[in-house]
Amino acid sequence: MRSGNPVLSESTFLDLGSGTVVSRDAGAMTINGTVNKTAFLLFLTVLTAAFAWSRAFTPAGEIAPGFSVYMWGGLIGGFVLALVTVFKKEWAPVTAPLYALVEGFFLGAVSALYSHMYEGIVIQAVMLTFATLFAMLFAYRSGWIRATEKFKLGVVAATGGIFLVYLATIVLGFFGVNIPMIHGNGIVGIGFSLFVIVIAALNLVLDFDFIQAGAEQGAPKYMEWYGAFGLMVTLVWLYIEFLRLLSKLQSRN
């Protein structure tokens, strides 16, 4: 039950004391329940994203002053709520919807900024994100891609490597140092973005497998919210990476 998603680990369904799967008689996790809750979280995200987008521009079509509060507030708030959800899984029925609402502000703000620079980029990124989601779900359900232990280990390792690169980028940025090429619009930068998108897409497969395992093992009902939250984390990552890739491609024109 390993997942490359940092919020879905192999111990998520286990009781720390006994090491057995946590379950309760009042209800068990189901795949349909997780799908419904994922759809609800997406709906909440779109609501606040649309609100942030509506506040993004002045009547003249320029970025509104003080608009960055939506981006940074959503980013920091989403990160805090994600940490709370990870460490308090039983709170997921409350914290997962709050995460979706707060993350929507961040996504709406970021999308508005990219849209201001590159016309049509947002709808392209949205379509590519959902096309990837359904393609990977079809590949997983049809058995074309199997989440074997070697597969999981490889995706987890690659995800960790990407995280370290982004962490180094943030830390070095405070000192005015930029990692060359990978964030540019050259061949190396575009290749790096494609690699990250592939790894993010493969994380979807691991997430599907993780949710299915939880349903088969009778995890408690609140884990439907946690599974939906974990899937949302991957979708947000995938969407942002598509925005980055498309911006690199359009900036070359």
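Residues numbered from 1 in each chain as written. Predicted model: local features only at pLDDT ≥ 70, side-chain atom pairs only at ≥ 80, totals over all residues. Heavy atoms only, no water.

1. Quick word on the overall build of the protein chain
Now for step 1: Looking only at helices and strands, the protein chain has seven helices and zero strands in total.
Now for step 2: Shown N-terminal to C-terminal, the secondary structure of the protein chain runs as helices and strands in the order α-α-α-α-α-α-α.
Now for step 3: Burial analysis of the protein chain (253 residues in total) assigns 45% to the buried set.
Now for step 4: Here the contacts in the protein chain between residues at least 6 apart in sequence split such that 82% fall between residues at least 24 apart.
Now for step 5: Accessible surface for the protein chain amounts to roughly 12,900 Å². Of this, 70% is attributable to carbon and sulfur atoms. (Helix = DSSP H or I, 4+ residues; strand = E, 2+ residues; numbered from the N terminus. Buried < 20%, exposed > 50% of the residue type's maximum accessible area, 1.4 Å probe, protein only. Contact = heavy atoms within 4.5 Å. Areas by Shrake-Rupley, 256 points an atom, 1.4 Å probe, with all protein chains shown as cover.)

2. What about the nonpolar core?
Now for step 1: Among the nonpolar cores identified, the biggest contains 65 residues, and Tyr 99, Leu 204, Ile 240 and Leu 243 are the most heavily contacted of them.
Now for step 2: Within the residue set of this core, elements represented by two or more residues are α1 (31-54), α2 (68-87), α3 (92-117), α4 (121-141), α5 (149-173), α6 (187-216) and α7 (223-251).
Now for step 3: With 17 residues, the top contributor of residues to this core is α7.
Now for step 4: Setting aside anything within four residues of it in sequence, one finds Leu 204 in contact with Thr 132, Leu 133, Met 136, Leu 231, Thr 234, Leu 235 and Leu 238. (Core = buried A, V, L, I, M, F, W, Y, C linked by side-chain atoms within 4.5 Å.)

3. Things to note about α5
Now for step 1: Compared with the 36 Å implied by 1.5 Å per residue over 25 residues, the 36 Å span of α5 between its first and last C-alpha is a close match.
Now for step 2: Of the positions making up α5, those classed as buried are Phe 151, Lys 152, Val 155, Ala 158, Thr 159, Ile 162 and Tyr 166.
Now for step 3: Turning to α5, the residues buried within the fold contact α6 and α7. (Expected span 1.5 Å × (residues − 1).)

4. Describing the packing of aromatic side chains
Now for step 1: Per the counting criterion, the structure on display carries eleven aromatic pairs.
Now for step 2: A centroid spacing of 6.1 Å and a plane angle of 75 degrees characterise the contact between Trp 53 and Phe 57, whose relative ring orientation is edge-to-face.
Now for step 3: A relative accessible area of 32% places Trp 53 in the partly exposed class.
Now for step 4: Note on Phe 57: relative accessible area 27%, which makes it partly exposed. (Phe/Tyr/Trp six-rings, centres within 6.5 Å; stacked < 30°, edge-to-face > 60°.)

5. So, the UniProt feature "transmembrane region" (unreviewed entry) in the protein chain
Now for step 1: The feature "transmembrane region" (unreviewed entry), as given by UniProt, occupies residues 39-57, 69-87, 94-115, 121-141, 153-175, 187-210 and 222-240 in the numbering adopted here.
Now for step 2: In residues 121-141, helix accounts for 100% and strand for 0%; the two terminal C-alpha atoms are 30 Å from one another.
Now for step 3: Helix makes up 95% of residues 222-240 and strand 0%, and the two end C-alpha atoms of the span are 28 Å apart. (UniProt positions renumbered as here; feature names shortened; annotations may be inferred.)

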